[in-house]
Amino acid sequence: MTVTILNVLCEGHTEDRFVSEVLKPYLQPFGIVVKHRILMTRRKDGYAGGLISYGKVRNDLVKWIKETSGHSGERNYFTTMFDFYALPNDFPDYSSAIKHRDKYRSVLELESAFGADIPNTNFIPYIQLHEFEALVFCGLDALLYEYPECGKEIESLRDVLSAYNNNPEAIDDSRETAPGKRIEKAIRSKYKYNKPKSGTAVTKAVGIDTLKMKCAHFGEWITKLESLN
């Protein structure tokens, strides 16, 4: 019997915890075993997390692919969970992709070039529009449960979502107004935003089916993963 394994390279601790606690149990009924790692930023120091350059991404992926080659009884697939926000500009086709006004078109072009550059036909590149916290915008009620004294502030986040036609993936990616920056700003007078803990708690409460429905690009990725087996 061949085991289907999905290996997920994560940008940081928030994505890694999401994969471990939300994505992994979701894909289990599909017969898919999920393994995950955080991108190694400084291998010499053993430091993981943070997207510094495409070269480091490619090195980590190629190394992992080589580690799994020749494993009998396994069908290994590889994917990523990286933010479009602050993506390093040395990614393949970055300069042309970034020019598109339609950011869905930008990430699709980036993913296509990324996929073509990795020497494995079982690689499924994924870049999150515009960052992980777009998924948190799908569950503002659950976010309020995490930060109960911020009712008014979280209500202001609902206004932001409404201004973007209730599409969390459309919330822009400037340094001041990216989804994560908006959440941090909304609650910082009373709390410090705990990205890994709160991101996981909110997305777990919302559930992947709802995340798929509210975030189209994320939904397309999950649908591909569901069909691996």
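As a reminder, the structure under discussion sits directly above these lines.
Residues numbered from 1 in each chain as written. Predicted model: local features only at pLDDT ≥ 70, side-chain atom pairs only at ≥ 80, totals over all residues. Heavy atoms only, no water.

Novice: Before we move on, could you go through unusual backbone geometry and cite the residues and values that matter?
Specialist: With an omega of -25°, the peptide bond between L129 and H130 qualifies as cis. Phi at A86 is positive, roughly 65°, even though this residue is not glycine.

Novice: Which residues make up the side chain of R182, and what values go with them?
Specialist: As for its position among the elements, R182 is in helix α8 (residues 179-187). Side chain to side chain, R182 and D172 meet in a polar contact 3.2 Å long. In this structure the side chain of R182 is engaged in a polar contact, spanning 2.6 Å, whose partner is the backbone oxygen of T177. (Helix = DSSP H or I, 4+ residues; strand = E, 2+ residues; numbered from the N terminus. Polar contact = N/O pair within 3.5 Å; in protein donor to acceptor, adjacent residues only side chain to side chain.)

Novice: Explain the packing of aromatic side chains to me, and be specific about the residues and the numbers.
Specialist: This structure, assessed with the given rule, holds 15 aromatic pairs. An angle of 5° between the planes, with centres 4.1 Å apart, marks the rings of Y126 and W221 as stacked. Here Y126, found in the loop between β6 (123-124) and β7 (127-128), pairs with W221, found in helix α11 (residues 216-226); they are 95 residues apart in sequence, far enough to count as distant. By the burial criterion, Y126 is buried, and W221 matches it. Judged by centre distance (5.9 Å) and plane angle (65°), the rings of F218 and W221 are edge-to-face. Pair noted here: F218 and W221 are both in helix α11, with a separation of three residues, about one helical turn. When sorted by exposure, F218 lands in the same class as W221, which is buried. Through a chain of ring-to-ring contacts, the aromatic side chains of F18, Y126, F132, F218 and W221 assemble into a single cluster. (Phe/Tyr/Trp six-rings, centres within 6.5 Å; stacked < 30°, edge-to-face > 60°. Buried < 20%, exposed > 50% of the residue type's maximum accessible area, 1.4 Å probe, protein only.)

Novice: An account of the pairing of strand β2 (residues 32-38) is requested, with residue identities and associated values reported.
Specialist: Two elements, strand β1 (residues 3-10) and β2, share seven bridges in a ladder whose sense is parallel. When the bridges of β2 are listed, V8 appears paired with H36. Taken together, β1, helix α1 (residues 13-27) and β2 constitute a β-α-β crossover, and its handedness is right-handed. (Pairing = 2+ DSSP bridges. Right-handed = clockwise from strand over helix to strand, strands pointing away.)

Novice: If you had to explain the nonpolar core to someone new, which residues and values would you point to?
Specialist: If you look at the biggest cluster of nonpolar residues, it comprises 44 residues, and the most contacted ones within it are F18, L143 and F218. Top element by residues in this core is α1. It accounts for six residues. Residues contacting F18, with those up to four places away along its chain left out, are L23, M81, F132, L135, T200, T203, I208, L211 and F218. With 22 residues, the next largest nonpolar core counts F84, L87, F91 and L110 among its residues. (Core = buried A, V, L, I, M, F, W, Y, C linked by side-chain atoms within 4.5 Å. Contact = heavy atoms within 4.5 Å.)

Novice: Any details on the packing of helix α7 (residues 151-163) against α8? Residues and values, ideally.
Specialist: As a packed pair, α7 and α8 sit with axes 8 Å apart at the nearest point and diverge in direction by 150°. Taken as axis vectors, α7 and α8 run roughly antiparallel relative to one another. As for how α7 packs across α8, the hand of that crossing is right-handed. Counting all contacts with α7, which are made through E153, L157 and V160, the residues of α8 involved are R182, I183 and A186. (Axes fitted to C-alpha atoms, helices over the stretch in contact; angles between N-to-C directions. Parallel < 35°, antiparallel > 145°, perpendicular 65-115°, else oblique. Left-handed = near helix turned anticlockwise from the far one by under 90°.)

Novice: Explain α7 to me, and be specific about the residues and the numbers.
Specialist: Since there are 3.6 residues in each turn of an α-helix, residues three or four apart along the chain are aligned in direction. Between the first and last C-alpha of α7 there are 19 Å, a value that for 13 residues agrees with the 18 Å anticipated at 1.5 Å per step. Buried within α7 are the following residues: E153, I154, L157, V160 and L161. Down the axis of α7, the sector holding all buried residues measures 100°, keeping them to one side. Residues of α7 that are exposed and point over 90 degrees away from its buried face: K152, D159 and A163. Considering only its buried residues, α7 is in contact with α6 (140-146) and α8. One or two positions beyond α7, positive phi appears at N165, with a value near 55°. (Expected span 1.5 Å × (residues − 1). Arc of directions from axis to C-beta.)

Novice: Explain the pattern of salt bridges to me, and be specific about the residues and the numbers.
Specialist: This structure, assessed with the given rule, holds twelve salt bridges. A salt bridge links K197 to E146, with the nearest nitrogen and oxygen atoms 3.1 Å apart. In this pair, K197 is assigned in helix α9 (residues 195-206) and E146 in helix α6, connecting sequence segments 51 residues apart. Residue E155 is joined to R158 by a salt bridge in which the shortest nitrogen-to-oxygen separation is 3.1 Å. Within this pair, E155 and its partner R158 are both found in helix α7, separated by three residues, close to a single helical turn. For E155, a relative accessible area of 41% puts it in the partly exposed group. Three or more residues joined by partner-sharing salt bridges are found here, namely R17, E21 and K204. (Salt bridge = Lys/Arg side-chain N within 4 Å of Asp/Glu carboxyl O.)

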